[in-house]
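# Chains, contacts and geometry: an overview
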Amino acid sequence: MQERQIEIRPFGPDHLDAAVRLSQEAGWPHRLEDWKVALDLSKGVIAIGADGEVVGTTLLTPYETDCATINMVIVAASMRGRGLGRRLMEAALALADDRPLRLTATTDGLPLYEKLGFYQTGAVVQHQGPVATTEKPGNTEAATRADIPTIIALDREAFGADRSALIARFADLGEFAIIRRDGKAAAFACLRPFGRGEVVGPVVAPDIDDAKSLLSHFMSRKTGAFLRVDTGAETGLGPWLAGHSLVHVGGGITMANPIIKRSNSSTVTTFALANQALG
């Protein structure tokens, strides 16, 4: 199939089953439910071949007017190396409405993203596996609906953008844990179904000890269950996660266009993927 025969169209709900098949081909763990959540929060495009087959996808998730993330960039193995990835990215850029952009790149995708003006800002490391027995922390508690506005504010400070729609959706899908100080949430983590089991993220905490407590809040209830945690390499949580049987299985390169400055606070953030909390 020639690249010129490929048509770029808006991504709609009727394309979800094909998107699942494409992500499975790429070795991604996303279920139909995960794709539905991502599409509900995003705008996107698909690439359709002459035979009507979906051979590429990409989503753009806007966070109000602050910024947007590019997610779920997949090109069918049979179509790689023909410029289709660039066409999908250019279509996503056209949806951005001049918002600053973020994404997480593989090493294979890095050259394309750099050509499109993206800069490396860090790295994400992924840990997953059956959870080892973990002691329940004494400083965490389950969040209530009344805590959600404070959680949204903490997330906005850490991420540098208003992700209130995403946080509200995650509250419906899963559950939040918090560390409460002076009567209000001072740190939080989210647990939700995803892929082969569940994922913890985002996590926002002022230091690594609070981050460990929030992760332990959920891990202590999930002995033997499959759990995934994506964290910034700079957080230093990798060895601790590995010590709780969550194996390092890869990660990605975080990028921005233009570079977005986060808060100057000491906030520890982990995104699943979130940074690309949808992937």
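Residue numbers restart at each chain and count upward from 1, following the sequence in its written direction. The predicted nature of this model means local features are confined to residues of pLDDT at least 70 and side-chain atom pairs, given and counted, to a pLDDT of 80 or more, with totals for whole chains, interfaces and linings taken over all residues. Calculated side-chain values reflect all of the structure's heavy atoms, with hydrogen atoms and water omitted.

What follows covers the overall build of the protein. Each helix and strand counted, the protein has eight helices and 13 strands in total. This radius of gyration counts C-alpha atoms alone. The globule rule is 2.2 Å times how many residues there are, raised to the power 0.38. For 279 residues, the compact-globule formula gives about 19 Å, and the C-alpha radius of gyration of the protein, at 19 Å, lands near that figure. For the protein, the C-alpha atoms occupy an extent of roughly 60 × 40 × 30 Å along the three principal directions. Residue exposure ignores everything except the shown protein chains as possible cover, and the areas themselves are Shrake-Rupley values with a 1.4 Å probe. By element, 49% of the accessible surface of the protein is carried by carbon and sulfur atoms, the whole surface being about 12100 Å². We score Asp and Glu as negative and Lys and Arg as positive, and we do not count His or the chain ends. Charged side chains are reduced to one point each, which is NZ for Lys, CZ for Arg, CG for Asp and CD for Glu. Once the 29 positive and 32 negative side-chain charges of the protein are each reduced to a mean point, those two points are 2 Å apart. In this description a helix means any DSSP run of H or I spanning at least four residues, a strand means any run of E spanning at least two, and both kinds are numbered starting from the N terminus.

With numbering aligned to this structure, UniProt lists the feature "domain: N-acetyltransferase" (unreviewed entry) at residues 6–140. End C-alpha atoms of residues 6–140 are separated by 51 Å, and the span's content is 27% helix alongside 34% strand. UniProt positions are given in the numbering used here, feature names are shortened, and annotations may be inferred rather than shown by experiment.

This part takes up the pairing of strand 2 (residues 43–48). A simple rule labels every residue: compare its accessible area, found with a 1.4 Å probe on the protein chains alone, to the largest value its type can have, and call it buried under 20%, exposed over 50%, or partly exposed in between. With five of six residues buried, strand 2 is to be regarded as a mostly interior element. Strand pairing is assigned whenever DSSP identifies at least 2 bridges connecting the two strands. Of the strand pairs in this sheet, strand 1 (residues 7–10) and strand 2 are connected by four bridges, and their pairing is antiparallel. Bridge pairing in strand 2 links R9 to I46. Here strand 2 runs beside strand 3 (residues 54–63); their pairing, made up of six bridges, is antiparallel.

Time to look at the pattern of salt bridges. The term salt bridge refers to a pairing of a side-chain nitrogen on Lys or Arg with a carboxyl oxygen on Asp or Glu at a separation within 4 Å. Using the criterion set out here, one finds 15 salt bridges in the structure. Residues R169 and D40 are paired through a salt bridge, measuring 3.1 Å at the closest nitrogen-oxygen approach. Of this pair, R169 sits in helix 6 (residues 164–173) while D40 is found in helix 2 (residues 32–40), placing the two residues 129 residues apart along the sequence. A salt bridge links R156 to D162, with the nearest nitrogen and oxygen atoms 3.7 Å apart. Salt bridges sharing partners connect three or more residues here, namely K43, D97 and R99.

What follows is about helix 6. Turning to helix 6, its buried residues are L166, I167, F170 and A171. On an axial view of helix 6, the arc spanned by its buried residues comes to 140°, and they lie on one face. Only heavy atoms enter the contact rule, under which two residues are in contact if any of them lie within 4.5 Å. On its buried face, helix 6 is in contact with strand 3, helix 5 (148–159), strand 8 (175–181), strand 9 (184–194) and strand 10 (197–205). Directions are taken from the helix axis to each C-beta atom, and the arc is the one they span.

The next thing to look at is the nonpolar core. What is meant by a nonpolar core is a set of buried Ala, Val, Leu, Ile, Met, Phe, Trp, Tyr and Cys residues, joined one to another through side-chain atoms within 4.5 Å. Counting residues in each nonpolar core, the largest one holds 47 residues, and the members touching the most others are F11, W35, L84 and F176. The element contributing the most residues to this core is helix 5, with six residues. Not counting chain neighbours up to four residues away, the residues in contact with W35 comprise F11, L16, A19, V20, S23, H30, T57, L59, M72 and I74.

On to the packing of helix 1 (residues 16–25) against helix 2. Two numbers describe a pair of packed helices, the interaxial angle and the distance between the axes. Close contact between helix 1 and helix 2 brings their axes to 9 Å; oriented N to C, the two are set at 115°. With respect to the hand of their crossing, helix 1 and helix 2 are arranged in right-handed fashion. For the pair formed by helix 1 and helix 2, the contact residues are L16, D17, A19, V20 and S23 on the first element and L32, W35, K36 and L39 on the second. Partitioned by chemical class, the residues of the contact of helix 1 with helix 2 number six nonpolar, one polar and two charged. Helix axes are fitted to C-alpha atoms over the stretch in contact, other axes to C-alpha atoms as well, and angles between N-to-C directions run from 0 to 180 degrees. It is the rotation of the near helix from the far one that decides the hand of a crossing: anticlockwise by less than a right angle makes it left-handed, clockwise makes it right-handed. Residues are grouped as follows: nonpolar covers Ala, Val, Leu, Ile, Met, Phe, Trp, Tyr, Cys and Pro; charged covers Asp, Glu, Lys and Arg; every other residue, Gly included, is treated as polar.

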